[in-house]
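Residue-level structure breakdown
Listed below are the residues making up each chain.
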Amino acid sequence: MTNADRDIVAQIAELTSQDDSVAGPQEMDSLAELVQNSGPLSQSEQQLVVTVVMATKDKDLLQRFCHSAALPRVNEWLAHSQQDPTYTLMLLELLGYLPVTIKALGASGVGKTVNKLRKSEHSLVQNAAAELLKNWKAVASMQPDVGAKRTQAHSNGSTTASASESDSKRARAACAPA
């Protein structure tokens, strides 16, 4: 382990509780900032981040991570992980654990990356990616309607589309191939 690795490990250790979870909102923000600003993290450092986030049970803290600049970094890790299917599966497991929103999927590009993994040469990765996409689409379709219905006027009259239909379309777009 290099000195830089020890430094990152020490910084992450300061942000965690005894159960390895992120200690609170400030600590999650600091972890996200560390992930975003530390330059390239080694695979062992990335695995430590994944372990810490997966040990965190507080949904609010996990949402903070999802809506930070850390999620696009996780997307980068995933995009470059294809040579190591075990590591790819760990990242897919993390993404399945996180309460990722449609907005975060689109903003981070992670939905498109997961969609590409359905064509991986490793069947376990293919299956895990397909299952994750299926779960995300199911969650998107179950989101409650926000305000009853949205109305769009057309030259021939008007049509209505429910918010959940729009959310499902956004989920498909966020996961569509580039």
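Please read these numbers as outputs of a predicted model, since none were measured by experiment.

Let us look at the overall build of the protein. A count of helices and strands for the protein gives 10 helices and two strands. Start at the N end of the protein and walk to the C end: the helices and strands fall as α-α-α-α-α-α-α-α-α-β-β-α. Among the 178 residues that make up the protein, the fraction classed as buried is 41%. A separation of at least 24 residues holds for 64% of the contacts in the protein among residues at least 6 apart in sequence.

A few words on the confidence of the model for the protein. For the protein, the mean per-residue pLDDT works out to 85, and 76% of the residues sit at or above 70. Here strand β1 (residues 149–154) stands out as the least confident element of the protein, with mean pLDDT 41; helix α6 (residues 85–97) is the most confident, with 97.

The next thing to look at is unusual backbone geometry. Glycine aside, a negative phi is what most residues show, and trans is what most peptide bonds show. In the Ramachandran plot, Asp20 falls in the positive-phi region, its phi being about 75° despite a non-glycine side chain. Its location among the elements puts Asp20 in the loop between α1 (3–14) and α2 (25–37). Residue classification places Asp20 among the partly exposed residues on the basis of a relative accessible area of 43%.

Okay, helix α4 (residues 59–66) next. Every buried residue of α4 is listed here: Leu61, Leu62, Phe65 and Cys66. For α4, the angular spread of the buried residues around the axis is 145°, confining them to a single face. Elements in contact with the buried residues of α4: α2, α3 (43–55), α5 (70–79), α6 and α7 (102–108). Its side-chain oxygen placed 2.8 Å from the backbone nitrogen of Asp60, Asp58 serves as the N-cap of α4.

Once that is clear, we can look at the packing of α5 against helix α8 (residues 110–117). Close contact between α5 and α8 brings their axes to 9 Å; oriented N to C, the two are set at 20°. When the interaxial angle is binned, α5 and α8 end up roughly parallel. Judged by the sense of rotation from one axis to the other, the crossing of α5 with α8 is left-handed. The residues of α8 that touch α5, namely those facing Asn75, Leu78 and Ala79, are Val110, Thr113, Val114 and Leu117. Each residue belonging to the contact of α5 with α8 can be placed in one class, and the counts come to five nonpolar, two polar and no charged.

The next thing to look at is the pattern of salt bridges. The final tally for this structure, using the stated rule, is three salt bridges. The shortest N-O distance in the salt bridge between Lys134 and Glu131 comes to 3.8 Å. With Lys134 and Glu131 both in helix α9 (residues 123–142) and three residues apart, the pair spans about one turn of that helix. Among the residues examined, Glu131 registers a relative accessible area of 38% and is labelled partly exposed.

Conventions we followed
Throughout this description, residue numbers start from 1 for each chain and increase along the sequence as written. For this predicted model, a pLDDT threshold of at least 70 governs which residues receive local features, and a threshold of 80 or more governs which side-chain atom pairs are given and counted, while totals over whole chains, interfaces and linings are taken from all residues. Side-chain measures here rest on the full set of heavy atoms in the structure, leaving out hydrogens and waters. Only DSSP runs of H or I with at least four residues qualify as helices, and only runs of E with at least two residues qualify as strands; both kinds are numbered from the N terminus onward. Three labels apply to residues, based on accessible area from a 1.4 Å probe with only protein chains included: buried if under 20% of the type maximum, exposed if over 50%, partly exposed otherwise in between. Any two residues having at least one pair of non-hydrogen atoms within 4.5 Å are treated as being in contact. Scored from 0 to 100, pLDDT reflects the predictor's confidence in each residue. As used here, the arc is the angular range of directions from the helix axis to the C-beta atoms. Throughout this description, a polar contact denotes any pair of N or O atoms lying within 3.5 Å of each other; where both atoms belong to protein, one of them has to be capable of donating a hydrogen while the other can accept it, and for residues adjacent in sequence the pair is counted only when both atoms sit in side chains. Every axis in this analysis is a line fitted to C-alpha atoms, fitted for helices over the stretch in contact. Angles between the N-to-C directions lie between 0 and 180 degrees. The labels follow the angle: roughly parallel below 35 degrees, roughly antiparallel above 145, roughly perpendicular from 65 to 115, and oblique for the rest. By convention, the crossing between two helices is left-handed when the near helix turns anticlockwise from the far helix through less than a right angle, and right-handed when the turn is clockwise. The residue classification treats Ala, Val, Leu, Ile, Met, Phe, Trp, Tyr, Cys and Pro as nonpolar and Asp, Glu, Lys and Arg as charged. All others, Gly included, are polar. Any carboxyl oxygen of Asp or Glu within 4 Å of a side-chain nitrogen of Lys or Arg constitutes a salt bridge here.

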